[in-house]
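# Structural features, examined
Read off the chains here:
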Amino acid sequence: MRFTFRRRIITAIGAAAAITATSATVLAPAATARPSYYDPELTPCGYLFRTPLDPPRHGTSVYWSPFGTAGIVCYDNGTGLADYYQRDPSGAWHDMNELARGQFFYSVFATGIPNGAHWR
């Protein structure tokens, strides 16, 4: 009884190892055939925003920032979701957080995310 049980376990482990080895060799060419392409881009887009003191303009959101709407960029990382960042006068990037619909707020903490992107 014990011999049969051990034999079944050894057979199951061997089968699992064989399947893993086979699937790794089958999937390896497919994995190398699809290149991983990550190329984030920055574009100026300060025209999409206005300060709270500016008169309303169609298609713009309000941006609450001590630096106004200068230095705002759209960050495209290929996901299709818009990310906005603002560069402060000292050169640090800050995330723009939308806390209410059409109301963006300046993040106090600096980030380095846009540093790896190139300008379009």
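Heads up: these notes are all about the structure in this document. (Residues numbered from 1 in each chain as written. Predicted model: local features only at pLDDT ≥ 70, side-chain atom pairs only at ≥ 80, totals over all residues. Heavy atoms only, no water.)

This next bit is on the environment of C45. One can find C45 in the loop between β1 (41-44) and β2 (49-50). Take C45: its relative accessible area is 0%, and that puts it in the buried class. Spatially, the C-alpha atom of C45 lies 9.4 Å from that of A70, the residues being 25 residues apart in sequence. Residue contacts for C45: discarding those within four places in its chain leaves I72, V73, C74 and Y84. (Helix = DSSP H or I, 4+ residues; strand = E, 2+ residues; numbered from the N terminus. Buried < 20%, exposed > 50% of the residue type's maximum accessible area, 1.4 Å probe, protein only. Contact = heavy atoms within 4.5 Å.)

With that settled, the discussion passes to the nonpolar core. Listed in full, the nine residues of the largest apolar core are C45, F49, Y63, I72, C74, Y84, M96, F104 and Y106. When residues of this core are traced back to their parent elements, those giving at least two are β4 (72-76) and β7 (103-111). Discounting chain neighbours no more than four positions away, the residues touching Y84 are C45, L48, F49, V73, C74, H94, D95, M96 and F104. If you look at the next biggest cluster of nonpolar residues, it comprises six residues, including L42, V73, W93 and A117. (Core = buried A, V, L, I, M, F, W, Y, C linked by side-chain atoms within 4.5 Å.)

Now for the packing of aromatic side chains. The tally for this structure, following the rule as stated, stands at seven aromatic pairs. Between F49 and F104, the ring centres sit 5.1 Å apart and the planes meet at 85°, which makes this aromatic pair edge-to-face. With F49 in strand β2 and F104 in strand β7, the pair connects residues that are 55 residues apart, well separated along the chain. Looking at F104, the relative accessible area reads 7%, which means it is buried. With centroids separated by 6.0 Å and ring planes inclined at 10°, the aromatic side chains of W64 and F105 adopt a geometry described as stacked. With W64 in strand β3 (residues 61-64) and F105 in strand β7, this pair connects stretches of sequence that are 41 residues apart. Looking at W64, the relative accessible area reads 42%, which means it is partly exposed. A relative accessible area of 28% places F105 in the partly exposed class. Ring pairing ties together the aromatic residues F49, Y63, Y84 and F104, which thus form one cluster. (Phe/Tyr/Trp six-rings, centres within 6.5 Å; stacked < 30°, edge-to-face > 60°.)

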